[in-house]
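Residue-level structure breakdown
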Amino acid sequence: DVKVTQSSRYLVKRTGEKVFLECVQDMDHENMFWYRQDPGLGLRLIYFSYDVKMKEKGDIPEGYSVSREKKERFSLILESASTNQTSMYLCASSSGLLNIQYFGAGTRLSVL
Amino acid sequence: GQQVMQIPQYQHVQEGEDFTTYCNSSTTLSNIQWYKQRPGGHPVFLIQLVKSGEVKKQKRLTFQFGEAKKNSSLHITATQTTDVGTYFCAGETQGGSEKLVFGKGTKLTVNP
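Summary of the structure given here. Within every chain, residues take consecutive numbers counted from 1 along the sequence as written. All chains are assigned letters beginning at A, and all ligands numbers beginning at 1, according to the order in which they are written. Per-residue local features are limited, in this predicted model, to residues with pLDDT of at least 70; the limit for side-chain atom pairs, both in listing and counting, is 80 or more; totals at the level of whole chains, interfaces and linings are taken over all residues. Values reported for side chains reflect all heavy atoms of the structure, with hydrogen atoms and water molecules removed beforehand.

This brings us to the interface of chain B and chain A. By definition in these notes, contact holds between two residues if any of their heavy atoms fall within 4.5 Å. Listed as interface residues are 17 residues of chain B and, on the opposing side, 21 residues of chain A. Simply put, the buried area is the total loss of 1.4 Å probe accessible area from both parts when two parts are fitted together. Between chain B and chain A, a total of about 1,600 Å² is buried, with carbon and sulfur atoms accounting for 56% of that surface. Salt bridges are defined as contacts in which a side-chain nitrogen from Lys or Arg sits within 4 Å of a carboxyl oxygen from Asp or Glu. For the interface between chain B and chain A, the tally reads 0 salt bridges. Polar contact criterion, stated in full: a pair of N or O atoms within 3.5 Å, where within protein one must be able to donate a hydrogen and the other to accept it, and residues adjacent in sequence count only if both atoms are side-chain atoms. Across the chain B-chain A interface, the total number found is 4 residue pairs in polar contact (both at pLDDT 80 or more). Segments assigned H or I by DSSP are reported as helices when at least four residues long, segments assigned E as strands when at least two residues long, and all are numbered from the N terminus. For the side of chain B that touches chain A, the secondary structure elements donating two or more residues are β4 (29-37), β5 (44-49) and β9 (85-93) of chain B. A total of 3 residues in the side of chain B that touches chain A trace back to one element, the largest contributor, which is β4(B). Side-chain classes are defined by residue name, with Ala, Val, Leu, Ile, Met, Phe, Trp, Tyr, Cys and Pro counting as nonpolar, Asp, Glu, Lys and Arg as charged, and the others, Gly among them, as polar. Taken together, the residues of the side of chain B that touches chain A sort by class into 6 nonpolar, 7 polar and 4 charged.

See below:
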């Protein structure tokens, strides 16, 4: 069974903290994605990666960075968290052939 | 950039009524996918449409892909309370990008 695991379901951080959100997939997928989901705004793509050590900016990359050192792991980094980064963060992975995306359960991040 | 518009944003129906959500892309798509997100859950893949004019059915759900491959619809016949959630369409552009462009979703509530 397909599995995308996000390290935390809920996270509370202070403004200015460095935040790491981790995502691991066990399907040997080439592509991995980070989205944020806010009410009324749908899913917005932050960054994606189509291979190890490769990354591409999505629609809203400002304030975020990513790391993909291993194929199964894709990390989202908030260098200095701000209150407007309070959101639900969803990780997804897909293979190149069908490009069907499999999502993790999400991390609800609150920045105080 | 490419956009996928989805309407309506919200739909409230009585159990047993039909429901339809529509997606329109600003550019021609190579395929379109539909996802369902239950309340408190994460998006889950429902179906992928690839061919111009394609129609696919899953029990009470009917999915259509337009002739020009720029629009799509999801129709649910005789809604049930288990249909509640947010339905997203997601388009993949021609030319083989790894990323999908998601519509903002239609949130369906069903009154018993």
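We now examine the state of the cysteines. Here, a disulfide means two cysteine sulfur atoms that sit within 2.5 Å of each other. Summed over the entire model, instances satisfying the criterion amount to 2 disulfides over all chains. The partner cysteine of A:C23 in its disulfide is A:C91, sulfur to sulfur 1.9 Å. Between A:C23 and A:C91, the disulfide has an S-S torsion of -75° and is therefore left-handed. One end of the pair, A:C23, is in strand β3 (residues 19-25); the other, A:C91, is in strand β9 (residues 87-94), and 68 residues separate them in sequence. Each of the two residues, A:C23 as well as A:C91, counts as buried. With a sulfur-sulfur separation of 1.7 Å, B:C23 is cross-linked through a disulfide to B:C89. Each residue is assigned to one of three classes by its accessible area relative to the maximum for its type, calculated with a 1.4 Å probe on protein chains only: buried under 20%, partly exposed between the two thresholds, exposed over 50%.

By themselves, these figures tell us nothing about what the structure is for.
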